[in-house]
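# Overview (structure and organization)
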Amino acid sequence: MKIVFFGTPNFSIPALQAIIDSKYTLLSVVTNPDKKSGRGLTKSSSAIKTFCKQENIPCVSFDNFNDNQASDYLKELNLDLIVVVAFKILPEKIINIPKYGAINLHPSLLPKYRGSSPIQQTILNGDSKTGVTIFKLDKKVDSGDIIIQEEYNVKDNVIFSELYSELSDFGAKVLLKGIDLLDEKNIVFIKQEEGDISYAFKIQGKDCQINWSDSAESINNKIRAFTYTPGAFTFLDDKKIKFFNSNIIKAYDEKLKPGECSFINETLLIGTNTDLVSIKNVQVEGKKIISAKDFSNSMFFHNNKIINFE
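In this text, all values refer to a predicted model and were calculated from it rather than measured experimentally.

With that settled, consider the overall build of the chain. Along its length, the chain carries eight helices and 18 strands. Taking the principal axes of the C-alpha coordinates as reference, the chain spans close to 70 × 45 × 30 Å. Going through the 310 residues of the chain one by one, you find that 47% of them count as buried. Between the mean site of the 38 positive side-chain charges and the mean site of the 38 negative ones, the chain shows a separation of 4 Å.

Once that is clear, we can look at the pattern of salt bridges. By the definition in use, this model includes ten salt bridges. With a shortest N-O distance of 3.5 Å, aspartate 127 and lysine 112 are connected by a salt bridge. Separated by 15 residues along the polypeptide, aspartate 127 in the loop between helix H5 (118–124) and strand S9 (129–136) and lysine 112 in the loop between strand S7 (102–106) and strand S8 (114–115) bring together distant segments of the chain. Aspartate 127 sits in the buried class, given a relative accessible area of 16%.

This paragraph deals with the pairing of strand S13 (residues 239–249). Two faces belong to every sheet, and in a regular strand the side chains alternate between them. As judged from the five bridges shared by strand S12 (residues 232–236) and S13, these two strands associate in the antiparallel manner. When the bridges of S13 are listed, threonine 234 appears paired with isoleucine 241. Hairpin connection of S12 to S13: two residues between the antiparallel strands, including aspartate 237 at a positive phi of 50 degrees. Here S13 runs beside strand S16 (residues 276–284); their pairing, made up of eight bridges, is antiparallel. The partner of isoleucine 241 across the bridge, within S16, is valine 284.

Within the element layout of this structure, lysine 255 appears in the loop between S13 and strand S14 (260–264). Owing to a relative accessible area of 67%, lysine 255 belongs among the exposed residues under this scheme. A C-alpha to C-alpha distance of 7.5 Å links lysine 255 and glycine 271, two positions 16 residues apart in sequence.

Quick look at the environment of asparagine 125 now. Its location among the elements puts asparagine 125 in the loop between H5 and S9. It is 38 Å that separates the C-alpha atoms of asparagine 125 and glutamine 54, two residues lying 71 residues apart in sequence. Among the polar contacts listed, one links the side chain of asparagine 125 to the side chain of tyrosine 113, at a separation of 2.7 Å.

With 66 residues, the main nonpolar core has Val83, Leu175, Ile179, Phe243, Phe295 and Phe309 as its most contacted residues. Here this core takes eleven residues from helix H6 (residues 160–183), the largest share from any one element. In this view, phenylalanine 243 contacts Ile210, Trp212, Ile223, Thr227, Ala232, Thr234, Ile270, Ile279, Asn281, Val282 and Phe309; residues no more than four positions away in its chain are not counted. In this structure, Val84, Phe87, Leu90 and Leu110 belong to the second largest nonpolar core, which totals 18 residues.

By the criterion of burial, helix H7 (residues 216–225) is predominantly enclosed, with eight of the ten residues buried. Those residues of H7 that are buried are in contact with H5, H6, S12, S13 and S16.

This brings us to the packing of aromatic side chains. Counted under the stated rule, the structure contains 16 aromatic pairs. Between the aromatic rings of tyrosine 152 and phenylalanine 170, the centroid separation amounts to 5.0 Å while the plane-to-plane angle is 50 degrees, which identifies the pairing as tilted. Taken together, the residues span a long stretch of sequence, with tyrosine 152 in strand S10 (residues 146–153) and phenylalanine 170 in helix H6 at a distance of 18 residues. Its relative accessible area of 18% is what places phenylalanine 170 among the buried residues. A connected cluster of aromatic rings, assembled from ring pairs, spans Phe6, Phe62, Phe65, Tyr73 and Phe87.

Here we come to the layout of surface pockets. Estimates place the volume of the largest pocket at around 1100 Å³. In this structure, the largest pocket is lined by 40 residues; those nearest its centre are Pro9, Ala86, Phe87, Gly115 and Ser116. Counted as a void, the second largest pocket has a volume near 240 Å³. Put simply, the parts of the chain that give the lining of the second largest pocket at least two residues each are H5, H7 and S13. With four residues, H7 is the largest single contributor of residues to the lining of the second largest pocket. Residues that form the lining of the second largest pocket fall into these classes: three nonpolar, seven polar and five charged.

Parameters at a glance
Residues numbered from 1 in each chain as written. Predicted model: local features only at pLDDT ≥ 70, side-chain atom pairs only at ≥ 80, totals over all residues. Heavy atoms only, no water. Helix = DSSP H or I, 4+ residues; strand = E, 2+ residues; numbered from the N terminus. Buried < 20%, exposed > 50% of the residue type's maximum accessible area, 1.4 Å probe, protein only. Lys, Arg positive; Asp, Glu negative; His and termini not counted. Charge placed at Lys NZ, Arg CZ, Asp CG, Glu CD. Salt bridge = Lys/Arg side-chain N within 4 Å of Asp/Glu carboxyl O. Pairing = 2+ DSSP bridges. Polar contact = N/O pair within 3.5 Å; in protein donor to acceptor, adjacent residues only side chain to side chain. Core = buried A, V, L, I, M, F, W, Y, C linked by side-chain atoms within 4.5 Å. Contact = heavy atoms within 4.5 Å. Phe/Tyr/Trp six-rings, centres within 6.5 Å; stacked < 30°, edge-to-face > 60°. 1 Å grid on protein atoms, 1.4 Å probe; cavity = no way out; pocket = protein on both sides within 12 Å on 5 of 7 lines; lining within 4 Å. Points joined across faces, edges and corners; volume = space filled by probe spheres on them. Nonpolar A, V, L, I, M, F, W, Y, C, P; charged D, E, K, R; others polar.

This is how it looks when you write it as structure tokens:
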């Protein structure tokens with residue numbers, strides 16, 4: 001089977017490597033064009049493009065998939081299958097080119113958490129199980145027939161970057177199983193249950209702000225879901241403060257009101273509507289990430305045992 005791979009971030013790399021190491025033929029890789037970033041607006045390449053350069057794999061980019069440039073390129077390759085892992089939405093004129101169409105790896109148990117942020121949503125909701133789904137692309141987002149789906153246990157207090165990496169590796173293995181099923185023509189496509197649909201919409205800045213009147217569980221989940229990107233935050237003296245790596249502290253003698261913060265017994269503690277939350281790392285707006293102890297020695301705690309976050 002001849003495959004063209006579409007992907008962009010680090011999450012895509014294990015899946016691409018799995019195809020490279022398989023019996024299948026990788027014809028080409030498609031990724032996003034270089035983009036300008038930073039103060040100097042220098043161009044930066046996607047993680048997939050950088051990987052392809054290192055491995056001497058053909059890699060191309062297209063600004064527009066609705067014109068003929070991309071479709072003509074793919075038709076000339078005479079490919080059998082498009083594999084998509086963390087890429088933009090493709091038009092039907094592209095996904096219908098290969099013999100077997102196009103398939104996608106999605107890090108949730110579809111139809112649960114359709115959309116762009118399923119891993120964050122898993123942590124935000126405190127789910128103990130998630131998984132990956134390999135499905136056939138159609139014109140709607142994450143709605144195609146399922147080829148294979150496998151569950152994955154979520155570790156207690158896992159943070160986003162850890163679960164992201166775990167599902168990337170796990171998903172690569174499930175992807176190969178799905179391609180094998182297509183290649184062996186040993187597959188029964190499964191329709192997604194419309195009544196079970198939920199969504200994981202793109203994370204907005206306002207979604208990351210902490211409400212200290214929420215429960216400790218909800219706040220801890222938010223900090224875990226956004227560690228280290230983009231970071232759950234609050235305000236103090238008009239400065240944005242981000243928190244990373246948190247835990248819930250139950251049955252603690254010290255009582256703090258929601259939003260009250262104190263450094264007690266070498267631990268940074270913050271009050272919520274239920275239990276206390278402990279914080280390991282803090283980032284003040286415009287500064288580097290520091291330890292909780294270093295934060296307790298900052299100007300914010302000058303002559304104060306307790307400070308109040310907004």
